[in-house]
Amino acid sequence: MKAKMQLDENKNKLFAVLIVALIVALVLVSISIVSVPAGYKGVVVSGIGIGHVFHEGFNLKNPLSTVELVRYNTQRVEFIGANQADDNEGNIVVNSRDNVAIYMDFQVVFHLDPTQVATVRIENGDFVETVVIPYCRSVPRDVCANFDALEIRGDSRSLVAAAIQRNLTSQFLDKHIILEEFALQELSLPQAYEDAITAKKVAEQNVITEQYNLDAQLYIAERTIVDAEAAANVTVIDAEAK
């Protein structure tokens, strides 16, 4: 009887050991597998093999390593309006050369160099927060400081947008970020300047209208002279004929 009880006790111990071993094995497997979705890279950020990159799909990793998923495909950040959201940082305020505050709305579209994802993550952490957003705030301010308010809002708007895109492209590239698009959407000046722009456009339109009226009057005058000369010639011919 005692032998049977001892055998049952041994079986129970063995079963308990197997259960524990199975749990440990499942835990080790779970922390040794990393699933990388499409558009992301897995980067080892701590532990063994820092900087190692895992590609899309299921990958085996060292259980002592921490892997962070880093998005590298096309993404967008908006700087529009006064409200912030997950993909909208709200518009920025830039100062013109003549020290006028201008509200600027725009968006940027970009992606990471797929071969440099680990470098971007290790050197910059959350690159959107540490690179993209700060650069998108500083570059427009630096560019607009070289233009007067009416130039930024008026005839030089395209030059301002081109300069911002050119500078952002260069600075992003230094951080292995590829700028796909910079889209300048809205520029808002103080009301006095908006009124000045409207008055300028009205004045320009008036000049065009006046020039058109002058050209029309000159045409009528020239036509009258030509008609008068033609009539005079007819009269002379008739007189000579008689």
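Further up the page is the structure itself.
On a predicted model such as this, the values are computed, not experimentally measured, just so you know.

**Observations regarding the overall build of the chain**
Helix and strand counts for the chain stand at 6 helices and 9 strands. By the burial criterion, 29% of the 242 residues in the chain qualify as buried. Within the chain, contacts between residues at least 6 apart in sequence are counted, and of these 66% link residues at least 24 apart. When the accessible area of the chain is evaluated, it comes to approximately 15300 Å², of which 58% is carbon and sulfur surface.

**What to know about helix H3 (residues 127-144)**
Helix length check: H3, at 18 residues, gives a terminal C-alpha distance of 25 Å against a target of 26 Å (1.5 Å per residue), a fit within 8%. At Tyr 135, H3 shows its maximal kink, close to 30°. Phe 127, Val 128, Val 131, Val 132, Ile 133, Cys 136, Arg 137, Val 139, Pro 140, Val 143 and Cys 144 are the residues of H3 that are buried.

**A short note on the pairing of strand S1 (residues 33-36)**
Only one face of S1 is buried, namely the one carrying Val 34 and Val 36, since none of Ile 33 and Ser 35 on the opposite face is buried. As paired strands, S1 and strand S4 (residues 57-60) are joined by 4 bridges and run antiparallel to one another. Directly across from Ser 35, in S4, lies its bridge partner Phe 58.

**Structural notes on the sheet that holds strand S5 (residues 66-71)**
Hydrogen bonds between backbone atoms are what pair the strands of a sheet, whose relative direction is either parallel or antiparallel. Pairing within the open sheet is antiparallel, and its 3 strands lie in the order S3-S2-S5. Both outer strands of the open sheet, strand S3 (53-54) and S5, are each paired with one neighbouring strand and no more. The pairing of strand S2 (residues 40-46) with S3 spans 2 bridges and is antiparallel. Along S3, the bridge assignment pairs Gly 42 with Phe 54.

**Here's the deal with the packing of H3 against helix H5 (residues 157-174)**
Orientation of H3 relative to H5, taken along the N-to-C sense of each, is 140°, at an axis distance of 9 Å. Considered as vectors, H3 and H5 are oriented oblique to each other. For the pair H3 and H5, the sense of crossing is right-handed. Facing H3, whose interface residues are Val 132, Tyr 135, Cys 136, Val 139, Pro 140, Val 143 and Cys 144, H5 presents Val 160, Ala 163, Ile 164, Asn 167, Leu 168, Gln 171 and Phe 172. Among the residues forming the contact of H3 with H5, the class breakdown is 12 nonpolar, 2 polar and no charged.

**A closer look at the side chain of Gln 75**
Looking at where Gln 75 falls in the secondary structure, it is placed in strand S6 (residues 75-79). Classification of Gln 75 by relative accessible area gives buried; the value is 10%. At 3.4 Å, the side chain of Gln 75 forms a polar contact with the backbone oxygen of Arg 71. Once you skip the residues sitting within four places of it in the chain, Gln 75 turns out to touch Val 108, Val 109, Phe 110, Phe 127 and Val 128.

**Quick look at the environment of Asn 59**
Along the chain, Asn 59 falls in strand S4. Judged by its relative accessible area of 18%, Asn 59 falls in the buried class. In this structure the side chain of Asn 59 is engaged in a polar contact, spanning 3.1 Å, whose partner is the backbone oxygen of Gly 57.

**Digging into H5**
For H5, spanning 18 residues, the distance from its first C-alpha to its last is 26 Å, which sits close to the expected 26 Å at 1.5 Å a residue. Those residues of H5 not exposed but buried are Val 160, Ala 161, Ala 163, Ile 164, Leu 168 and Phe 172. In a view along the axis of H5, the buried residues occupy a sector of 160°, so they form one face of it. Within H5, the exposed residues directed more than 90 degrees away from the buried face are Ser 158, Leu 159, Arg 166 and Asp 174. For H5, the secondary structure elements touched by its buried residues are strand S8 (101-112), H3, helix H4 (149-153) and strand S9 (177-188). Remark: His 176 follows H5 within two positions and exhibits a positive phi of approximately 65°.

About the cut-offs
Counting from 1, residues in each chain are numbered in the order their sequence is written. Totals for whole chains, interfaces and linings use every residue, but because this is a predicted model, local features are given only for residues with pLDDT of at least 70 and side-chain atom pairs only at 80 or more, for both listing and counting. Side-chain calculation: all heavy atoms of the structure are included, whereas hydrogens and water are not. Strands are runs of DSSP state E lasting at least 2 residues, helices are runs of H or I lasting at least 4, and numbering of each runs from the N terminus. The buried label applies to any residue whose accessible area, calculated with a 1.4 Å probe on protein chains only, is under 20% of its type's maximum; exposed applies above 50%, and partly exposed to all values in between. Note on definitions: a residue-residue contact is assigned when non-hydrogen atoms from the two residues lie within 4.5 Å. A 1.4 Å probe and the Shrake-Rupley method give the accessible areas. Residues count as covered only by the protein chains that appear here. Take the residue count of a helix, subtract one, and multiply by 1.5 Å to get its expected span. To get the bend at any residue, fit one axis to the seven residues that end at it and another to the seven that begin at it, then take the angle between the two axes. At least two DSSP bridges between two strands are required for those strands to pair. Axis definition: a line fitted to C-alpha atoms, over the contacting stretch in the case of helices. Angles run 0 to 180 degrees between N-to-C directions. Angles are sorted into four bins: roughly parallel if under 35 degrees, roughly antiparallel if over 145, roughly perpendicular if 65 to 115, and oblique for all others. Each crossing gets its hand from how the near helix is turned against the far one by less than a right angle, where anticlockwise is left-handed and clockwise is right-handed. For this classification, the nonpolar set comprises Ala, Val, Leu, Ile, Met, Phe, Trp, Tyr, Cys and Pro, the charged set comprises Asp, Glu, Lys and Arg, and every other residue, Gly included, is treated as polar. For this analysis, a polar contact is any N or O atom pair within 3.5 Å, provided that within protein one partner can donate a hydrogen and the other can accept it, and provided that sequence-adjacent residues contribute only side-chain to side-chain pairs. Directions from the helix axis toward the C-beta atoms define the arc.

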